[in-house]
Amino acid sequence: MSLTTAQILDLAPDAASRKAGQDQAKPQKWGGLGRAGSVIWGEIKGSGASPYRTVADLAGPVSKCTCPSRKFPCKHALGLMLVDAAAALAEAEPPDWVAAWTKGRESRAAAAETRANEPAKPVDEKAQARRRQAREEKVATALDELDLWLRDLMRRGLAAARAEPYAFWDRMAGRLVDGQAPGLARRVRALPGLVATAPQAGSARPEAALGLALGRIALLVRAARRLDALSAEQAAGVRAALGYPVTAEEMAARPDQTDDWAVLAHAIEEEDKLTARSVWLVGRRTGAVAQVLDYGTPGSPLPPAPAAGQDFCGALAFQPGDPPLRAVFREGRAGPAAAAGLPGGGSVAAAREAFAAILARAPWTERWPVRLADVRLGRLPAAAGGQVAFAAGDATGCLPLRADPRLPSLLAVAGGRPVDLFGLHDGHGLLPLALAIGGRLYAMPAQASQAVLLQVA
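Residues numbered from 1 in each chain as written. Predicted model: local features only at pLDDT ≥ 70, side-chain atom pairs only at ≥ 80, totals over all residues. Heavy atoms only, no water.

Under an unreviewed UniProt entry, the name given to the protein chain is Zinc finger SWIM domain-containing protein, and the source organism is Methylobacterium tarhaniae.

Listed below in structure tokens is the structure:
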């Protein structure tokens, strides 16, 4: 199997790596090129005396290089995969170092499976209960403090809140982190950005966005105080929004949902000092939408994931919560997409109704994935101040598109023709992530700094 150029570039950890990888994608720079099934390898001259040895398994995709780079994949791994994407490497007998790497991966996978099948170690239930109770008390104290802070904020009015410095918001967020409610801390830390942002197409006005965000936080606090009155799945969704982790034992008990999962897009965001990557998938048979979210640090790479435009044929397990969205990969394998279309698209009216239904179940939801079928992208009448805005629409209505540097590329590919569109809707505007037209799938680059659109299937 081979990946497309767009799929490979989407794996790059940053824009600099993407450019450097393209610089290494010249066959004349490489020696000892070859492949065995989905495994490719080669050697390339670096700054050291010996050439760097680079190997990649396209089925992961996962790679290894002897260069000292701390980025994963490094520029040499990207370059090697790009060379193969341009012209498939010839089948050959793997050299010893490639065979050793492949055997090591197989051994680690077998060891992991053995550990997973081992009987669970006895749990000190009393100690576990004490830790759980201690956290519950910390969170309850944090909720009390946040409730008082919100009441004081609303008593003074939103106009006064908009004049507060960043430190005002950050102090409250810090207290929530200390109170072991990181989900609430993230929401509070995002508030000053809403205040400082200038009005943009497809977004609420700054004062409206601030009021809406505060209202969602208040609703989440209210829900957290009455978990006993909620169903198990609803309570799990509230706890996840507060920032409670899902334990391995809880995930082991979750059922598998097997399907051919179309990988529509990757999205990468920076959260404090962490890199958060969302992989968005939709089941071709079930129509279920899933978000697989992974975190990485500068010294710790993100785990391998299927590339946008591939199909993951296998099982996902959805985390507890209502409505279900977050999931993890279980057994399965990534491969070429069965079709380049966007499964399960509907009308704009249906998307609005679906979003309203989600808010009825979890009113603190910030945004939700939607799929639109046979919509056209067009320009809206100029707003006050001459601001240019665009929308996706059909006979049932339209959804404004959020301002984004990648939007011109999206409009150019659509060219006024009907398209299928996948994106995130927040009640005001749609942030497009993928577009299907003419039997081809295009994905927004994982990082918004690229003002291009990538054909991935």
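There's plenty left to go through after this.
A. Focus on the overall build of the protein chain. Helix and strand counts for the protein chain stand at 13 helices and 16 strands. Judged by the C-alpha coordinates and their principal axes, the protein chain covers about 70 × 65 × 45 Å. Here the protein chain holds 457 residues, and 44% of them are scored as buried. Considering only contacts within the protein chain whose residues lie at least 6 apart along the sequence, 63% involve residues at least 24 apart. Working note: accessible area of the protein chain is about 22,200 Å², and carbon and sulfur atoms make up 55% of it. Each charge class in the protein chain was averaged separately, 55 positive and 46 negative side chains, and the resulting centres sit 4 Å apart. (Helix = DSSP H or I, 4+ residues; strand = E, 2+ residues; numbered from the N terminus. Buried < 20%, exposed > 50% of the residue type's maximum accessible area, 1.4 Å probe, protein only. Contact = heavy atoms within 4.5 Å. Areas by Shrake-Rupley, 256 points an atom, 1.4 Å probe, with all protein chains shown as cover. Lys, Arg positive; Asp, Glu negative; His and termini not counted. Charge placed at Lys NZ, Arg CZ, Asp CG, Glu CD.)

B. Region of the structure containing the domain arrangement of the protein chain. Along its sequence, the protein chain is organised into domain 1 (5–94), domain 2 (126–242), domain 3 (255–336) and domain 4 (348–455). Averaged C-alpha coordinates put domain 2 and domain 4 at centres separated by 28 Å. Domain 2 puts 15 residues into the contact, and the matching count from domain 4 is 14 residues. Across the domain 2/domain 4 interface, buried area totals approximately 1,200 Å², and carbon plus sulfur atoms make up 52% of it. The largest contributions to the domain 2 side of the interface with domain 4 come from Ala201, Gly202 and Arg216, which together make up 44% of the buried area. (Domains from an automatic or database assignment. Buried area = accessible area lost by both parts, 1.4 Å probe.)

C. Quick peek at a positive patch on the surface. Together, Lys126, Arg130, Arg131 and Arg132 give the surface a local cluster of positive charge. Mapped onto the elements of the fold, Lys126 is located in helix 5 (residues 125–156). (Patch = residues over 30% accessible without salt bridge, like charges linked within 9 Å, V, L, I, M, F, W, Y side chains within 5 Å. Salt bridge = Lys/Arg side-chain N within 4 Å of Asp/Glu carboxyl O.)

D. A look at the UniProt feature "domain: SWIM-type" (unreviewed entry) in the protein chain. UniProt annotation of "domain: SWIM-type" (unreviewed entry) refers to residues 52–85 when read in the numbering used here. The span residues 52–85 is 32% helical and 29% strand by assignment, and the distance between its end C-alpha atoms comes to 20 Å. (UniProt positions renumbered as here; feature names shortened; annotations may be inferred.)

E. Main features of helix 10 (residues 232–242). Listed as buried for helix 10 are Ala235, Ala236, Gly237, Val238, Ala241 and Leu242. Against the buried residues of helix 10 lie helix 5, helix 8 (182–196) and helix 9 (206–224). Count one or two residues on from helix 10 and you reach Gly243, which has phi positive near 115°.

F. Examining the pattern of salt bridges more closely. The full count for this structure, using the stated rule, is 28 salt bridges. Arg156 is paired through a salt bridge with Asp152; the nearest N and O atoms lie 3.5 Å apart. Residue Arg156 and its partner Asp152 are located together in helix 5, separated by 4 residues, close to a single helical turn. Put simply, Arg330 and Asp256 hold a salt bridge, and the shortest N to O gap is 2.3 Å. Residue Arg330 is located in strand 9 (residues 326–336), and its partner Asp256 is located in the loop between helix 11 (248–252) and strand 5 (257–271); the two are separated by 74 residues in the primary sequence.

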